[in-house]
Amino acid sequence: MTAAVAATPAPAPAHESLAELINPLMGTDSNYELSYGNVYPAVAVPWGMNFWSPVTGKMGDGWGYTYETHKINGIKQTHQPSPWMNDYAAFSLFAETGDVKIKQEDRASWFSHKAEESHPYSYKVYLADYDVTAEVAPTNRAAQFQFTFPKSDQSHIILDGYAGGSMVKIDAAHRRIIGYVRNNSGGVPANFHNYFVAEFDKPFTVGRTWGDKGDLTNDQSREGDHVGAVISFQTAAGEKVHVKIASSFISPEQAERNLDTEIGHDSFDQTEAKAKAEWEKELGRVRVTDPNLDNRRTFYSALYRMLQFPRMFFEIDAAGKVVHYSPYDGQVHDGYMYTDNGFWDTWRAVFPYFVMMYPEQDSQIMQGLVNTYKESGWLPEWASPGHRSVMIGSNSANIIADAYVNGVRGFDAETLYQAVVKNATTDKGRPTDKKGRTLSAVGREGVDYYNQLGYVPYDVGIHENAARTLEYATADFSISRFAKALGKTGDVAHYQEHAQNFRKLYDPQTGWMRGRNKDGSWETPFNPFKWGDAFTEGNAFQYSWAVMQDVQGLIDLMGGDKPFLNRLDSVFTTPPVFDNSYYGETIHEIREMQVVNMGQYAHGNQPIQHMIYLYDWAGQPWKAQYHVRDVMKRLYSATPDGYPGDEDNGQTSAWYVFSALGFYPVTPAVGQYAIGSPLFRNVQLTMPTGKLLTIEAVNNSANNVYIQSVTLNGKPYDKAWLAHATLEQGGTLLFVMGPTPNKAWASTKAAAPFSMSAPK
Ligand code: CA
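1. Some remarks on the confidence of the model for the protein
Mean pLDDT over the protein works out to 96, with 98% of the residues at or above the 70 mark. Across residues 1–11, confidence stays below pLDDT 50; counting only partners more than four residues off in sequence or on other chains, it has 18 contacts.

2. Details of the nonpolar core
Residues Phe299, Tyr353, Met356 and Trp545 are the most contacted members of the largest nonpolar core, which totals 196 residues. The residues contacting Met356, other than those within four sequence positions of it, are Phe658, Leu661, Phe663, Tyr673, Leu685, Met687, Pro688, His724 and Leu727. The next biggest cluster of nonpolar side chains, apart from the first, holds 13 residues, and it includes Phe249, Ile250, Phe313 and Tyr328.

3. Focus: empty space enclosed by the protein
Under the defined criterion, the tally for this structure stands at 10 cavities of 30 Å³ or more. As a volume, the largest cavity reaches approximately 130 Å³. Surrounding the largest cavity, 17 residues form its lining, Asn38, Val39, Pro81, Phe309 and Asn649 being those nearest its centre. Of the residues assigned to the lining of the largest cavity, the class counts are six nonpolar, seven polar and four charged.

4. Here we look at the coordination of the calcium ion
Of the protein atoms, only Asn605 (OD1), Gln606 (OE1) and Asp648 (OD) coordinate the calcium ion, at distances of 2.3 Å. Going along the chain, you hit the donors of the calcium ion in the pattern N-Q-x41-D. Of this pair, Gln606 sits in the loop between helix 16 (588–595) and helix 17 (621–635) while Asp648 sits in the loop between helix 17 and helix 18 (651–661); the two residues are 42 residues apart in sequence, bridging distant segments of the chain. Among the residues examined, Gln606 registers a relative accessible area of 0% and is labelled buried. When its relative accessible area of 14% is taken as the criterion, Asp648 is described as buried.

5. Thoughts on the packing of helix 6 (residues 350–357) against helix 7 (residues 359–376)
In contact at an axis separation of 6 Å, helix 6 and helix 7 are set at 125 degrees when each is read in the N-to-C sense. In terms of orientation, helix 6 lies oblique with respect to helix 7. Together, Phe351, Phe354, Val355, Met356 and Met357 of helix 6 and Pro359, Asp362 and Ile365 of helix 7 make up the contact between the two elements. A breakdown of the residues in the contact of helix 6 with helix 7 according to their chemical character gives seven nonpolar, no polar and one charged.

6. Some remarks on the side chain of Ser757
Along the polypeptide, Ser757 turns up in the segment after strand 36 (731–738). The class for Ser757 is buried, based on a relative accessible area of 16%. A polar contact of 2.6 Å, which involves the side chain of Ser757, links it to the side chain of Asp550. In this view, Ser757 contacts Gln500, Arg503, Asp550, Gln552, Gly553 and Asp556; residues no more than four positions away in its chain are not counted.

7. Points about the pairing of strand 8 (residues 132–138)
Taking burial as the measure, the seven residues of strand 8 include seven buried ones, the bulk of the element. With burial as the criterion, each face of strand 8 is covered, one bearing Val132, Ala134, Val136 and Pro138 and the other bearing Thr133, Glu135 and Ala137. Here five bridges tie strand 7 (residues 123–127) to strand 8, and the two strands are oriented antiparallel to one another. The partner of Leu127 across the bridge, within strand 8, is Val132. What sits between strand 7 and strand 8 in their antiparallel hairpin is a turn of four residues, with Asp131 showing a positive phi close to 55 degrees. Where strand 8 lies against strand 9 (residues 142–149), six bridges are found, and the strand directions are antiparallel.

8. Considerations on helix 12 (residues 489–498)
Residues of helix 12 that are buried include every one of Val492, Tyr495 and His498, and no others. Taken around the axis of helix 12, the buried residues stretch over an arc of 135 degrees, which confines them to a single face. Exposed side of helix 12, more than 90 degrees from the buried face: Thr489, Gly490 and Glu497 are the residues found there.

9. What to know about the sheet that holds strand 8
Taken together, the nine strands give an open sheet; going across it, the order is 6-7-8-9-18-13-12-11-16, and neighbouring strands pair in antiparallel fashion. The open sheet has two free edges, formed respectively by strand 6 (116–118) and strand 16 (221–224), since each of these has just one partner strand. Strand after strand, the sheet turns through a mean of 15 degrees between neighbouring axes, direction not considered. Direction of pairing for strand 6 relative to strand 7: antiparallel, over a ladder of three bridges. Looking across to strand 7, one finds that Ser118 is bridged to Tyr123.

10. Remarks on helix 3 (residues 268–283)
For helix 3, built from 16 residues, the straight-helix expectation of 22 Å at 1.5 Å per residue is met to within 8% by its first-to-last C-alpha distance of 23 Å. Turning to helix 3, its buried residues number three or more, namely Phe268, Thr271, Ala275, Trp279, Glu280, Glu282 and Leu283. Its buried side turned inward, helix 3 meets strand 8, strand 9, strand 18 (239–248), strand 19 (286–289) and helix 4 (293–306).

11. Structural notes on the packing of aromatic side chains
This model, assessed by the stated rule, comprises 48 aromatic pairs. Measuring from centroid to centroid gives 5.7 Å for Trp47 and Phe354, while their planes differ by 80 degrees, and the two rings are edge-to-face. Placement of Trp47 in the segment before strand 1 (51–55) and of Phe354 in helix 6 is noted, with a sequence separation of 307 residues between them. With relative accessibility at 1%, the residue Trp47 sits in the buried group. Overall, the relative accessible area of 0% leaves Phe354 in the buried class. Aromatic pair Phe192 and Tyr325: ring centres 6.3 Å apart, planes at 50 degrees, arrangement tilted. Placement of Phe192 in the loop between strand 12 (176–181) and strand 13 (194–200) and of Tyr325 in strand 22 (residues 322–325) is noted, with a sequence separation of 133 residues between them. For the pair Phe192 and Tyr325, one class covers both residues: buried. A network of ring pairs unites the aromatic residues Trp47, Phe343, Phe351, Tyr353, Phe354, Tyr358, Tyr613, Phe658, Phe663, Tyr664 and Tyr673 as a single cluster. Arg567 extends its terminal NZ or CZ atom over the ring of Trp512, reaching a point 4.1 Å from the ring centre.

12. Some remarks on the environment of Gly211
Assignment of secondary structure puts Gly211 in the loop between strand 14 (206–210) and strand 15 (216–217). With a relative accessible area of 4%, Gly211 lands in the buried category. C-alpha separation for the pair Gly211 and Asp129, spaced 82 residues apart in sequence, amounts to 24 Å. Not counting residues within four places of it along the chain, the set of residues in contact with Gly211 comprises Arg222, His226 and Val227.

13. Here we look at the sheet that holds strand 4 (residues 91–97)
With respect to topology, seven strands assemble into an open sheet ordered 1-3-4-10-17-14-15, the strand pairing being antiparallel. With one partner strand each, in any of the chains shown, strand 1 and strand 15 form the two edges of the open sheet. With six bridges connecting them, strand 4 and strand 10 (residues 152–160) associate as antiparallel partners. Residue pairing in the sheet places Ser92 in a bridge with Asp160 of strand 10.

Definitions and cut-offs
- Residues numbered from 1 in each chain as written.
- Predicted model: local features only at pLDDT ≥ 70, side-chain atom pairs only at ≥ 80, totals over all residues.
- Heavy atoms only, no water.
- pLDDT = per-residue confidence, 0-100.
- Contact = heavy atoms within 4.5 Å.
- Core = buried A, V, L, I, M, F, W, Y, C linked by side-chain atoms within 4.5 Å.
- Buried < 20%, exposed > 50% of the residue type's maximum accessible area, 1.4 Å probe, protein only.
- 1 Å grid on protein atoms, 1.4 Å probe; cavity = no way out; pocket = protein on both sides within 12 Å on 5 of 7 lines; lining within 4 Å.
- Points joined across faces, edges and corners; volume = space filled by probe spheres on them.
- Nonpolar A, V, L, I, M, F, W, Y, C, P; charged D, E, K, R; others polar.
- Donors = N, O, S within 2.8 Å, 3.2 Å for Na, K, Ca; no water.
- Helix = DSSP H or I, 4+ residues; strand = E, 2+ residues; numbered from the N terminus.
- Axes fitted to C-alpha atoms, helices over the stretch in contact; angles between N-to-C directions.
- Parallel < 35°, antiparallel > 145°, perpendicular 65-115°, else oblique.
- Polar contact = N/O pair within 3.5 Å; in protein donor to acceptor, adjacent residues only side chain to side chain.
- Pairing = 2+ DSSP bridges.
- Arc of directions from axis to C-beta.
- Expected span 1.5 Å × (residues − 1).
- Phe/Tyr/Trp six-rings, centres within 6.5 Å; stacked < 30°, edge-to-face > 60°.
- Lys NZ or Arg CZ within 6 Å of the ring centre and 35° of its normal.

Shown next, in the form of structure tokens:
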């Protein structure tokens, strides 16, 4: 085969609905011990302020919806980014017939996945115990419910404000319930409220409220820790009752405005159609043509997860201005705000995807980061909705630098530079939580050691010290690129030098990254299978590759290509033994590595997700091609157990989406993607420039995973990477695939992607 072979047109419907391919239940078969995604079926528009989700669990339990459960007790407004962070500002609606049942466990109805329809733009379920069908369709800050009742003298809709502070008030004359909820899991100012308004299209026969003890009375308003409302009426067989509902973090008046502007007089079907159209528009920037329906479903289900977080946390005021309630200072300010994101996860591939395909969205997110810095004095590393104290690193620097270096504009880059430098250089004076504990997730814990010694020591009481060092060094590289792009030439050398600090933790004796004591001696005893401790949710097998800024430098440390390649291979061939003593239990990330028969390759967590692509730096891109296809095939499917571990705000999905396109962003802020193996026969991307990029893969199949040759716009292409600046100009990238490796293609050092160190 040669590149001159004409592409075979692959069969796929010309006007296939992409939103209909999505299965929001992908990843919902999860629990505390083992995660196949740890997601819930989010009913929302892309990046919507509010998501809606069926509830099978108890409020306060992060696992709000799990596939294996049989009973449903509400459809809630949710803002949960992860079960590990839990929810905030949640409340739910539910329908019943017969005697009123209030508590979640009492009112829960049997349901079946066979009588459930889950889409991004709507959700429908049959509540078997009540013979009621419940449906919801979203807008950005509002939603419509449609309840189809049986003939009954006792039909009810129940609103649950959940524990943590709630208020309800029935306004029967206007067929409304208004109120607020204040539940949260931290990261909110003292005046935090989620104000809601719910408007019914049927008069109430009776409206009642209930309080903390579940006591139902005729009081028309109620305030307490956990209150709710019930409205009741007679229904005819098949009668549909509609509820239009909106909320605001700013005020009750703003909630009404959100209801008027986003729903107004729209019918349920119109709201659903508009939500679907929003998804089609965003998903349609990438059109896959391929006969494999399963792969198309997985691809768009993964893309759906990438277009949810960080959520819009801003609203539009009466004058049409963008305003936001600040989850940092509790005031209302002009401008954008986004939240619910763990940058430790998402800097790797979610944000690079935004840079490539949604720079206008990324610009708004950057403006939100400017506002976060102004309102809190810090950049977030894990925001939900305000600063939360989880995970490590200065990964906000990667996100910001990558955006700026690759041409995202429209934000105050000078302020963000100042913020990035403060985050990278400051340990003291970090904000505290309600209990007065320092939030270790912002700023840099151990920065004085890092600046003096070049690493955060193992023996000074700072946990996950080696992971911190490696991540700080990568962030310092990003800062050097940002400084260079902004013309701050005086700072470039300093941060470049710090970007080399990964060398301080490489132990030539064992060949691994290893914790290091203050006096220069090594962490002893050392067990490369030990999870946590010096590392974060990983061990030396997974974390030793965290040198995205200088893969060639790492190759040199390991003794050259051959030992480096042997070590990469060993990740897959070493049995999945582990030491869990740091945690005292087998955390789910460990179990997810153990069970998939891929050795020490722990794709269910983020630290190793770029590793396969490192073969591109060492002359064996064909091994990257083999492994990426193997992981796509074995670890992902559009089914409830379809992820290999926590999905994590789009990151584990972004690995699949990029990899299916045929490349992946390893190094931040250089505008390059390492090439893997494209999954589909044909993909058309409408780039933000308006130009069309076509990615063809001739002879592609489950067996033909190896690249034989590549042309870019008709010219032979033999590099193991693609430039962002090239792709955004559109054109045609043509891969010719085959069943055996072409070991010559892109295997020279000149073909390798970016490294700080020149090849030796
Ligand atoms: Ca994770």
